[in-house]
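# Geometric and topological summary
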Amino acid sequence: MGFIALIVFIAVIIIWNVVVKRNMGEAMLLGFIATTLFGGAEALTLFWDGLLFAFNYEVLYAAVAFVFMAYLIEKLELIHALLRILNSLVGKLPGGAAYMSTLGSTVLGALSGSNSANTAATGSITASWMIKSGWSPTHTATILAGNGGLGAAMPPNASMFIMLGFAPVAALVSEGDLYIALLIGGLYQVVYRFILIFLLVKKNKIQAMPPDDIISFKQAVKEGWKSIFIFFGALIPILVTIGPLANYLQSNPNIGPEAMDQISLITWIPILMILISLAIGRKKASALDWSKFFKSAIPKFTTIGALMLFAVASSQVLADLGLAEDLTQITSALTIPKWLMVLIVGVLVTLVAGPLSSTATLTAVGLVSFSALISVGVDPVVAVVAILAFSSTEGASPPASGSIFIASGLAGAKPEQTFIPLIIYYMIPIVMIGWLIGMELLPV
């Protein structure tokens, strides 16, 4: 029932948006209602439980907060000073903003371990920069969301520890071996993304910034040094939750690990960036017509909020309908060669990662996927790296990925316009990278 509901959910969205040509918010709402009907007499319960889950889902609020943050930074004109500094560094390179976004996502992905937080942190800085340098809002959102997957692809991350939490996996795979292997597997994805950007720069004829728009680094910093403090909005939560400072705070008896676990990167990054922006741009802020500001800002994040609400609610309904169990049964009933099993596991994990997060995906089908790959002779470490590569498509999996809505909000793009490019440029190639790793054609 869960598998059939997933097919119907996707079909309703595609038909209503592509064939009927209605907006994506309506399509997502109808898809959500369609999934609840599979509960029969429990349909109303599923409907209510799905909405309750969505209203308590922090990525929903974070996505809205990031859209508001980006709009505020734009209105306070802080982004212009920051762009001048960044342009002075790589503005002479065609597509330089996209390369910087990818590099930033690689570094932050290795720190945060979260696809949505990765997209949000890098996109809040590079989205406007990319658009100004010639990328369309749709291409910008596509690249930002596609790069977000590096949060699950680069170690360490929650997905890695979920896999190590399964006893059969822990018995065959050491944390150290997996860390190095996953780092190599993640770098394959990074290399692919740089190649992709190079090709997109050529295809879309993205030019270097005009020389007149580029000033010296010294002058740019002198004029806009205050804007650099915006980065502290992302840096402070990262330093507090990851590394030596985080370890010290966790060991402090007055704080402890439980309190530290309550600090969410994706929640605090936009909050701090908003507060820092208001402090830096207080002169501009005091001159703003706040009534007019909020009136013009509301439409920018209500659409994103509605789309994410029903997407997340639908994912919970599909989980309640037993999607993970259905897919597990389908996989366990197959007796097939190694190359096909690796491909089927890749498709399975990718399908589940569409409506679910990478961590939820691995919790649901991680162990059965590992068992399936081991049964056809895949090395245990290689099997885990391949599965983690497949799950990293979550950031680029339409229609329910938080990264897509965050990236679209930051770039001012319609989320549905990124769906096909994300599938072509990121989902399919990353699945193939995972398959090549699983077949040990790409060594880790």
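Details of the structure are given in the entry above.
Here goes a summary of the coordinates provided. (Residues numbered from 1 in each chain as written. Predicted model: local features only at pLDDT ≥ 70, side-chain atom pairs only at ≥ 80, totals over all residues. Heavy atoms only, no water.)

Our focus in this paragraph is the overall build of the chain. Looking only at helices and strands, one finds 25 helices and zero strands in the chain. The buried share of the chain, taken over its 444 residues, is 53%. Nonlocal contacts in the chain, meaning residues at least 24 apart in sequence, comprise 80% of its contacts between residues at least 6 apart. For the chain, the accessible surface area stands at approximately 19,000 Å², while carbon and sulfur atoms represent 68% of it. (Helix = DSSP H or I, 4+ residues; strand = E, 2+ residues; numbered from the N terminus. Buried < 20%, exposed > 50% of the residue type's maximum accessible area, 1.4 Å probe, protein only. Contact = heavy atoms within 4.5 Å. Areas by Shrake-Rupley, 256 points an atom, 1.4 Å probe, with all protein chains shown as cover.)

Looking now at the nonpolar core. Judged by nonpolar contacts, the single largest core of 84 residues is most densely connected at Trp135, Ile143, Met163, Val345, Val384 and Tyr426. Per element, the largest residue contribution to this core is 10 residues, and it comes from helix α25 (residues 419-438). When residues no more than four places from it in sequence are discounted, the contact partners of Val384 are Met163, Val169, Val173, Leu178 and Phe370. Of all hydrophobic cores here, the second largest spans 22 residues; its members include Phe9, Val312, Leu323 and Phe405. (Core = buried A, V, L, I, M, F, W, Y, C linked by side-chain atoms within 4.5 Å.)

In this section: the environment of Gly402. Take Gly402: it is sitting in helix α24 (residues 402-411). For Gly402 and Ala62, which are 340 residues apart along the polypeptide, the C-alpha to C-alpha distance reads 9.3 Å.

What follows deals with the pattern of salt bridges. Applying the stated criterion across every chain yields a total of one salt bridge. Between Lys338 and Glu440 there is a salt bridge, with the nearest N and O atoms lying 3.8 Å from each other. Of this pair, Lys338 sits in helix α21 (residues 338-353) while Glu440 sits in the segment after α25, placing them 102 residues apart in sequence. According to the relative accessible area criterion, Glu440 is partly exposed, its value standing at 39%. (Salt bridge = Lys/Arg side-chain N within 4 Å of Asp/Glu carboxyl O.)

As for its position among the elements, Ser403 is in helix α24. Looking at Ser403, the relative accessible area reads 0%, which means it is buried. Those residues in contact with Ser403, other than ones at most four positions away along the chain, are Asn115, Ser116, Thr119, Ala145 and Gly395.

These values are about where atoms sit, not about what they do.
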